[in-house]
Amino acid sequence: MDINPKIWNEKRVLVTGHTGFKGSWLSMLLGKLGAEVVGISLPPVPTPYSLYSDAKISKITTREFFLDIRNNIQLERVVKELKPDYIFHLAAQAFVQKSVQHPRETITTNVDGTTNLLLAAFMSQTVNGITVVTTDKVYKNIGAPKALNESDALGSNDPYSASKAASELIVASLAHANNPRGIPVTTVRAGNVIGGGDWGEDRLIPDLIRSFLMQSRLKIRNPDATRPWQHVLDCLYGYLLVAQSHLSSDLETPKSVNFGPSTSLSVSQLICVLEKVFKHNFKLEVAPSSFQEAMWLELDTQLALQFFGWQPKLSIEQSIMQAGNWYSNFLAKCDAAELMLKEIDQYKVGKF
């Protein structure tokens, strides 16, 4: 199954969290497909680098609102005013370390915020489907070398992952009990997403790029931990296929689905690949985490393959190299939006 631009042409698509890394890429991709993109996010915080600012994502959106999704009154008003055809819900507190330091903010944003968004959407007469973005970390991971699938138990040790697992239960219950029009809702659980323009805190590649720029030593928590790294376009390709299934009124669309690579790669292996791109040996220091993290994480994506025909188009190594090349070109003063559009064109999914 490919992306069908005809489905998206002139559809009004709401992206919550549109100022973030994935939200910016998704907004750019939807704009390329001919959709009318509208956004809801917190006000952007001034930072040295921001994909939203650098790629001028605000020019892609027809309207954008800056508000806290925990404010249900404001959110209901804006969703009612926007009248979207479809919603991608990405807005979240998405950083593990920050969740340990600020658990209340994380839990209220990810649980209450998602609740508010769904209830506002279920009151709408225009919304025809919702994709809710969670994470591969929703699973109860005991560290066994087993790929986790959609029927495995949920639960986790840190507030971020736990809040996302809780939001999965909230989504399922609200979609069943508080959804008078039966709007289809699917939660998507993606692997560790990488790609150009991610400047998020406490994320491996952005931290490596910052250490390269500052010529400083980077502290890493566990060089042997494995993660299912995947390129942002592979991930968003999956999200769009879920949405197309909703918009095509396919009653069999899965309620939850994994998207990730067929294998995982360790932190140290990822660093080795990135060193080849930058022709630079990163200065590293191992500083164990103050809380327990899973050593092994791998996703079973057979459902995505069987139902949507989805599989990654880029290997993990290709994903890392492509991300590294994006940063290298951007730091050499190439235009961020042009770099994104070039990658989208080269990805060759659908008939753009």
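The structure displayed is predicted, hence computed values, not measured ones.

## What to know about a nonpolar patch on the surface
Stage number 1. Together, Tyr 49, Leu 213 and Met 214 give the surface a local cluster of nonpolar side chains, amounting to about 300 Å² of exposed area.
Stage number 2. Considering the arrangement of structural elements, one finds Met 214 in helix α8 (residues 204-214).

## Points about the pairing of strand β11 (residues 256-259)
The two faces of a sheet get side chains in turn, since along a regular strand they alternate between them.
Stage number 1. Judged by which residues are buried, β11 turns out to be covered on both faces: Ser 256 and Asn 258 on one side and Val 257 and Phe 259 on the other are all buried.
Stage number 2. Direction of pairing for strand β6 (residues 185-190) relative to β11: parallel, over a ladder of four bridges. Note that in β11 the partner of Thr 187 across the bridge is Ser 256.

## Quick word on unusual backbone geometry
Stage number 1. Positive phi values are uncommon outside glycine, yet Ser 249 reaches one of about 60 degrees.
Stage number 2. On the basis of relative accessible area, Ser 249 is assigned to the exposed category, the value being 56%.

## Some details on the nonpolar core
Stage number 1. Within the largest apolar cluster, 71 residues are counted, with the highest numbers of intra-cluster contacts made by Trp 8, Trp 25, Leu 30, Phe 88, Tyr 239, Leu 240 and Trp 326.
Stage number 2. A per-element tally of this core places helix α9 (residues 232-247) first, with eleven residues.
Stage number 3. Non-local contacts of Trp 326, meaning those with residues more than four positions away in its chain, are made with Trp 25, Leu 51, Gly 196, Gly 197, Ala 336, Leu 339, Met 340 and Glu 343.

## Thoughts on the side chain of Ser 24
Stage number 1. As for its placement among the helices and strands, Ser 24 is situated in helix α2 (residues 21-32).
Stage number 2. With residues near it in sequence (within four places) discarded, Ser 24 still touches His 18, Thr 19, Leu 51, Tyr 52, Ile 57 and Met 340.

## Details of the pairing of strand β4 (residues 86-89)
Stage number 1. In β4, alternate side chains face the same way, and those of Tyr 86 and Phe 88 on one face and Ile 87 and His 89 on the other are all buried.
Stage number 2. Direction of pairing for strand β1 (residues 12-16) relative to β4: parallel, over a ladder of four bridges. Within β4, the position partnered with Val 13 by the bridge is Tyr 86.

## A few points about the packing of aromatic side chains
Stage number 1. Overall, the coordinates contain 15 aromatic pairs when judged by the stated rule.
Stage number 2. Measuring from centroid to centroid gives 5.1 Å for Tyr 86 and Phe 88, while their planes differ by 55 degrees, and the two rings are tilted. The pair Tyr 86 / Phe 88 is uniform in exposure class, with both members buried.
Stage number 3. Site record: aromatic cluster; members linked through ring pairs are Tyr 49, Trp 199, Trp 326, Tyr 327 and Phe 330.

## Observations concerning the pattern of salt bridges
Stage number 1. In this structure the tally under the stated criterion is twelve salt bridges.
Stage number 2. Asp 152 is paired through a salt bridge with Lys 146; the nearest N and O atoms lie 2.9 Å apart.
Stage number 3. Here the residues in one salt-bridge network are Arg 63, Arg 77 and Glu 81, joined through shared partners.

## Focus: the layout of surface pockets
Stage number 1. In this structure, the second largest pocket spans a volume of roughly 340 Å³.
Stage number 2. Around the second largest pocket sit 20 residues that line it, and Ala 175, Ile 183, Pro 184, Val 185 and Lys 255 are the ones nearest its centre.
Stage number 3. Those elements that place two or more of their residues in the lining of the second largest pocket are α7 (159-177) and β6.
Stage number 4. Top contributing element to the lining of the second largest pocket by residue count: α7, with five residues.
Stage number 5. Partitioning the lining of the second largest pocket into residue classes produces seven nonpolar, nine polar and four charged.

## Topic: the packing of helix α10 (residues 267-278) against helix α12 (residues 316-331)
Stage number 1. Between α10 and α12, the shortest axis-to-axis distance is 9 Å and the interhelical angle comes to 40 degrees. Comparing their axes, α12 and α10 come out oblique. Both α10 and α12 take part in a crossing whose hand is right-handed. For the pair α10 and α12, the contacting residues are Leu 270, Val 273, Leu 274, Val 277 and Phe 278 in the first and Glu 317, Ile 320, Met 321, Gly 324, Asn 325, Tyr 327 and Ser 328 in the second.
Stage number 2. Here the contact of α10 with α12 is built from residues that sort into eight nonpolar, three polar and one charged.

## A few points about the environment of Asp 335
Stage number 1. For Asp 335, the position within the fold is in the loop between α12 and α13 (336-347).
Stage number 2. You can call Asp 335 partly exposed: its relative accessible area is 31%.

## Considering the environment of Ser 156
Stage number 1. With respect to the element layout, Ser 156 can be found in the loop between β5 (130-133) and α7.
Stage number 2. Taking the relative accessible area as the measure of exposure, Ser 156 reaches 32% and is therefore partly exposed.
Stage number 3. Note: C-alpha distance between Ser 156 and Asn 179 (23 residues apart in sequence) is 28 Å.
Stage number 4. Setting aside residues up to four positions removed in sequence, Ser 156 forms contacts with Lys 137, Tyr 139, Ser 161 and Ala 162.

## Remarks on the packing of α8 against α10
Stage number 1. Remark: α8 packs on α10, axes separated minimally by 11 Å, with the N-to-C direction vectors making an angle of 45 degrees. With respect to their mutual orientation, α8 and α10 come out oblique. In this structure, α8 meets α10 at a crossing whose hand is right-handed. Facing Leu 204, Ile 205, Leu 208, Ile 209 and Phe 212 of α8, the residues of α10 in contact are Val 267, Leu 270, Ile 271, Leu 274 and Phe 278.
Stage number 2. Residue classes in the contact of α8 with α10 are distributed as ten nonpolar, no polar and no charged.

Reading the values: rules and limits
- Residues numbered from 1 in each chain as written.
- Predicted model: local features only at pLDDT ≥ 70, side-chain atom pairs only at ≥ 80, totals over all residues.
- Heavy atoms only, no water.
- Patch = residues over 30% accessible without salt bridge, like charges linked within 9 Å, V, L, I, M, F, W, Y side chains within 5 Å.
- Areas by Shrake-Rupley, 256 points an atom, 1.4 Å probe, with all protein chains shown as cover.
- Salt bridge = Lys/Arg side-chain N within 4 Å of Asp/Glu carboxyl O.
- Helix = DSSP H or I, 4+ residues; strand = E, 2+ residues; numbered from the N terminus.
- Buried < 20%, exposed > 50% of the residue type's maximum accessible area, 1.4 Å probe, protein only.
- Pairing = 2+ DSSP bridges.
- Core = buried A, V, L, I, M, F, W, Y, C linked by side-chain atoms within 4.5 Å.
- Contact = heavy atoms within 4.5 Å.
- Phe/Tyr/Trp six-rings, centres within 6.5 Å; stacked < 30°, edge-to-face > 60°.
- 1 Å grid on protein atoms, 1.4 Å probe; cavity = no way out; pocket = protein on both sides within 12 Å on 5 of 7 lines; lining within 4 Å.
- Points joined across faces, edges and corners; volume = space filled by probe spheres on them.
- Nonpolar A, V, L, I, M, F, W, Y, C, P; charged D, E, K, R; others polar.
- Axes fitted to C-alpha atoms, helices over the stretch in contact; angles between N-to-C directions.
- Parallel < 35°, antiparallel > 145°, perpendicular 65-115°, else oblique.
- Left-handed = near helix turned anticlockwise from the far one by under 90°.

Purely geometric stuff here, so don't read any function into it on its own.
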